[in-house]
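In case you want the letters, here they are:
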Amino acid sequence: AQSVTQPDIHITVSEGASLELRCNYSYGATPYLFWYVQSPGQGLQLLLKYFSGDTLVQGIKGFEAEFKRSQSSFNLRKPSVHWSDAAEYFCAVGPMNTGFQKLVFGTGTRLLVSP
Amino acid sequence: KAGVTQTPRYLIKTRGQQVTLSCSPISGHRSVSWYQQTPGQGLQFLFEYFSETQRNKGNFPGRFSGRQFSNSRSEMNVSTLELGDSALYLCASSLGLAGTRDTQYFGPGTRLTVL
């Protein structure tokens, strides 16, 4: 069965420090991979996506993620966290190239930023 | 381009009632997917509509239904509401075409509270 694991429920990072959020997936084939961010009471905003090609992808707000096929991972990183990055982050996988739109999400990681 | 819009943003209903939520996708998008977000179950896929047809369905009871109109706007309906239906309902739109590097864009959600 398809699944996404985000092992960290909460992470606290000091402002200006680097960040890495972990994501591991289980999928029958190579999926499309996404990171979304959700601020309290809001919908999901797309940060970045991986379809194929270069395994290091750049997103909005200074975020990047690296796809590692051998580890079934798609970890999200940011070199210097800002207080406005405090939010909940979701990793998701979707079927590749089929047109069908079902996304499977991880349970999310809540990021807290300390001054 | 205008983003995905959902109405209403907030709803309060009582057990046994029914509710209809509306979603207007991004212009040009033909696929609309619905997700339920709860603290206990996280983000779960409800169903997807493409060109007025339900193309994919998640593991939810028949009380949850939807439809899509010719202008791609979609509605979802929940009948005989239960307390456990209290959730944030998110709508996402995408092109929905096979062979494309498709991405789902989410609306702000409708917060449903069942008393």
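Draft legend 1. View of the overall build of chain A. Helices and strands together make up the secondary structure of chain A, namely 0 helices and 12 strands. In sequence order, the secondary structure elements of chain A are arranged as β-β-β-β-β-β-β-β-β-β-β-β. Taken over the C-alpha trace, chain A has a radius of gyration of 14 Å; the compact-globule value for 115 residues is 13 Å, and the two agree within 12%. Counting only C-alpha atoms, chain A reaches 45 × 30 × 20 Å along its principal axes. By the burial criterion, 48% of the 115 residues in chain A qualify as buried. With an accessible surface of roughly 5,300 Å², chain A has 51% of that area assigned to carbon and sulfur atoms. Looking at chain A, you have 9 positive and 8 negative side-chain charges, and the mean spots of the two groups are 7 Å apart.

Draft legend 2. Seen up close, the environment of Leu83 of chain B. Residues and elements named next belong to chain B. For Leu83, the location among the structural elements is in the loop between strand 8 (74-78) and strand 9 (87-94). Placed 49 residues apart in sequence, Leu83 and Trp34 show a C-alpha to C-alpha distance of 19 Å. Other than its neighbours up to four places away in sequence, Leu83 contacts Arg15, Val114 and Leu115.

Draft legend 3. Layout of the pattern of salt bridges. Evaluated as defined, the whole model comprises 10 salt bridges over all chains. Of the charged contacts, one joins Arg22 of chain A and Asp8 of chain A as a salt bridge, the two residues approaching to 3.0 Å between their closest N and O atoms. Here Arg22 of chain A, found in the loop between strand 3 (19-21) and strand 4 (24-26), pairs with Asp8 of chain A, found in the loop between strand 1 (3-5) and strand 2 (10-14); they are 14 residues apart in sequence, far enough to count as distant. Arg55 of chain B serves as the salt-bridge partner of Glu48 of chain B, at 2.5 Å between the closest nitrogen and oxygen. Owing to a relative accessible area of 0%, Glu48 of chain B belongs among the buried residues under this scheme.

Draft legend 4. Geometry of the sheet that holds strand 1 (residues 5-7) of chain B. All names here are of chain B. Across the sheet, which stays open at both edges, the 4 strands sit in the order 1-3-8-7 with antiparallel pairing between neighbours. Either end of the sheet is taken by a strand with one partner, and the two such strands are strand 1 and strand 7 (64-68). Between one strand axis and the next, the sheet turns through 20° on average, direction left out of account. Looking at chain direction, strand 7 and strand 8 are connected through 5 bridges and run antiparallel. By the bridge assignment, Arg67 is partnered in strand 8 with Glu75.

Parameters at a glance
- Residues numbered from 1 in each chain as written.
- Chains lettered and ligands numbered in written order.
- Predicted model: local features only at pLDDT ≥ 70, side-chain atom pairs only at ≥ 80, totals over all residues.
- Heavy atoms only, no water.
- Helix = DSSP H or I, 4+ residues; strand = E, 2+ residues; numbered from the N terminus.
- Rg over C-alpha atoms; globule rule 2.2 N^0.38 Å.
- Buried < 20%, exposed > 50% of the residue type's maximum accessible area, 1.4 Å probe, protein only.
- Areas by Shrake-Rupley, 256 points an atom, 1.4 Å probe, with all protein chains shown as cover.
- Lys, Arg positive; Asp, Glu negative; His and termini not counted.
- Charge placed at Lys NZ, Arg CZ, Asp CG, Glu CD.
- Contact = heavy atoms within 4.5 Å.
- Salt bridge = Lys/Arg side-chain N within 4 Å of Asp/Glu carboxyl O.
- Pairing = 2+ DSSP bridges.
- Axes fitted to C-alpha atoms, helices over the stretch in contact; angles between N-to-C directions.

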